[in-house]
Amino acid sequence: MKVERVYTKNAVYQKFEVLKTNRNKRHRYREFFVEGVRNINEAVRGGWPVHAFLYTKERPLSGWAQEMLAAVPVQTRYELPYCLMRELSEKEDTSELLAVVGMRADRLEDIELSDNPLLVLFDRPSNHGNLGTIIRSCDSLGINGLIITGHAVDPYAPEVISASMGSFFHVPVVRAAENKSVFGFIDCLRQRYSGFQTVGTTAHRQTPLTQVDLKKPTLLMIGNETDGLCGAFKEKSDVLATIPMSPRSSASSFNVGCAATVFFYEAVRQRMQAQSCRED
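Residues numbered from 1 in each chain as written. Predicted model: local features only at pLDDT ≥ 70, side-chain atom pairs only at ≥ 80, totals over all residues. Heavy atoms only, no water.

### Describing the overall build of the protein
Link 1 in the chain: Scanning the protein from N- to C-terminus turns up 10 helices and 12 strands.
Link 2 in the chain: Seen along its three principal axes, the alpha-carbon backbone of the protein occupies a region of about 60 × 40 × 35 Å.
Link 3 in the chain: Carbon and sulfur atoms form 47% of the exposed surface of the protein, whose accessible area is close to 14200 Å².
Link 4 in the chain: Distance between charge centres in the protein, computed from 34 positive and 32 negative side chains, equals 2 Å. (Helix = DSSP H or I, 4+ residues; strand = E, 2+ residues; numbered from the N terminus. Areas by Shrake-Rupley, 256 points an atom, 1.4 Å probe, with all protein chains shown as cover. Lys, Arg positive; Asp, Glu negative; His and termini not counted. Charge placed at Lys NZ, Arg CZ, Asp CG, Glu CD.)

Next up, the structure:
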């Protein structure tokens, strides 16, 4: 491990900037920026490869930061002036420690499946906050993995990592470059799991969510915030489900993050209820 001191906005510093702001270069380097105590803790706890730490010696480091620097092996530690740390940090109270973390490969076959899997597909998400929220809900409710399709926001963007509140590092998130690979994955799941189903979601009146049997092995497919689920995934759905709205409501649908969480919770509720009945 080496220590490198960065005093100006040189080439090394400019790389840190593009890891934060430039999606294409972020993926070219196969690295992304992580900020915040919870996110760094969860990245380390989840076994993600931490390539570098950034910090300043102009301010005293907390016990947590000192322990992190001592315990986590990295390729390089970068010492920066406080003014440069402040420019890199997204927080009002500048973070004392920033991390550069290595990406994982996008392989659908790497998703660890349970005996009765519950998977989620998010078609063309366009909002960083919504994607981060859905990742957090996936983590909270035990979803096996999240597949992101089409022209979508980058799950490695700092805004997504921040919105996930550390959950990003515990939920397998796989980007599918084209739908053909997803369809092949679905076919494999149908062969592997008896009764496997694909459940598309829609804001239009279709089968009420509570009438869909979500106790079976299931892939829930969530649509884009504006356009909903694309035609190809609608055709691939065994059933299209909706969340019934109050007849007195002026709202026609939920925010996609809220709607996804309702779907996840209903699936978990049905499964817990079935488990309870078997135990009785």
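### Observations regarding the pattern of salt bridges
Link 1 in the chain: Counted under the stated rule, the structure contains 16 salt bridges.
Link 2 in the chain: Residues K2 and E4 are paired through a salt bridge, measuring 3.9 Å at the closest nitrogen-oxygen approach.
Link 3 in the chain: As a salt-bridge pair, R124 and D123 come within 2.9 Å of each other at their nearest N and O atoms.
Link 4 in the chain: Look at D123 and you get buried, because its relative accessible area is 1%.
Link 5 in the chain: Here the residues in one salt-bridge network are R5, K57 and E79, joined through shared partners. (Salt bridge = Lys/Arg side-chain N within 4 Å of Asp/Glu carboxyl O. Buried < 20%, exposed > 50% of the residue type's maximum accessible area, 1.4 Å probe, protein only.)

### Some points on the environment of L80
Link 1 in the chain: Of note, L80 is situated in the loop between β4 (76-79) and α5 (82-88).
Link 2 in the chain: When the C-alpha atoms of L80 and G142 are compared, they prove to be 39 Å apart, with 62 residues separating the residues in sequence.
Link 3 in the chain: Excluding residues within four positions of it along the chain, L80 makes contact with V6, Y13, L54, Y55, T56, K57, M85 and L88. (Contact = heavy atoms within 4.5 Å.)

### So, helix α1 (residues 11-21)
Link 1 in the chain: Taken together, the buried positions of α1 are Y13, F16, V18, L19 and K20.
Link 2 in the chain: One side-chain oxygen at the N-terminal end of α1 lies 3.1 Å from the backbone nitrogen of V12; it belongs to N10. (Polar contact = N/O pair within 3.5 Å; in protein donor to acceptor, adjacent residues only side chain to side chain.)

### Here's the deal with unusual backbone geometry
Link 1 in the chain: The residue R124 is not glycine, and still its phi comes out positive at about 55 degrees.
Link 2 in the chain: For R124, the position within the fold is in the loop between β6 (118-123) and α6 (128-140).
Link 3 in the chain: Using a relative accessible area of 22% as the deciding quantity, one classes R124 as partly exposed.
Link 4 in the chain: Phi angles above zero are rare outside glycine, and M165 is one such case at about 55 degrees.

### What about the pairing of strand β2 (residues 31-35)?
Link 1 in the chain: Counting buried residues along β2, 5 of its 5 residues qualify, which places the element largely inside the surrounding structure.
Link 2 in the chain: Burial along β2 is two-sided: E31, F33 and E35 and F32 and V34, pointing in opposite directions, are all buried.
Link 3 in the chain: Bridge count between β2 and strand β5 (residues 98-102): 5 bridges; the pairing is antiparallel. If you follow F32 over to β5, its bridge partner there is V101. (Pairing = 2+ DSSP bridges.)

### Quick word on the sheet that holds strand β11 (residues 218-222)
Link 1 in the chain: The 7 strands are arranged β8-β7-β6-β11-β9-β12-β10 in an open sheet whose pairing can be described as parallel. Across the chains shown, the open sheet's two edge strands, defined by having one partner strand only, are β8 (173-176) and β10 (207-208).
Link 2 in the chain: Packing of α6 onto the sheet brings it into contact with β6, β7 (145-149) and β8, and relative to β7 it is tilted by some 155 degrees.
Link 3 in the chain: Along the sheet face, helix α8 (residues 179-192) touches β6, β7, β8, β9 (197-201) and β11 and points at about 145 degrees away from the line of β7. (Axes fitted to C-alpha atoms, helices over the stretch in contact; angles between N-to-C directions.)

### With respect to the environment of L54
Link 1 in the chain: You can see L54 is positioned in strand β3 (residues 50-55).
Link 2 in the chain: Taking C-alpha positions, L54 is 9.8 Å from V6, a pair spaced 48 residues apart along the chain.
Link 3 in the chain: Apart from the residues within four sequence positions on either side, L54 is in contact with F16, F33, Y78, L80, M85, L88, E96, L97, L98 and V100.

### Points about the sheet that holds strand β1 (residues 2-5)
Link 1 in the chain: Spatially, 5 strands are ordered β1-β4-β3-β5-β2 in an open sheet, and the strand pairing comes out mixed. The open sheet has two edge strands with one neighbour each: β1 and β2. Within the sheet, the average angular offset between the axes of one strand and its neighbour, ignoring direction, is 25 degrees.
Link 2 in the chain: Note that β3 and β5 share 4 bridges and pair antiparallel. Of the residues in β5, the one forming a bridge with L54 is L98.
Link 3 in the chain: Contacts from helix α3 (residues 37-45) reach β2, β3 and β5, with the element oriented near 130 degrees to β2.

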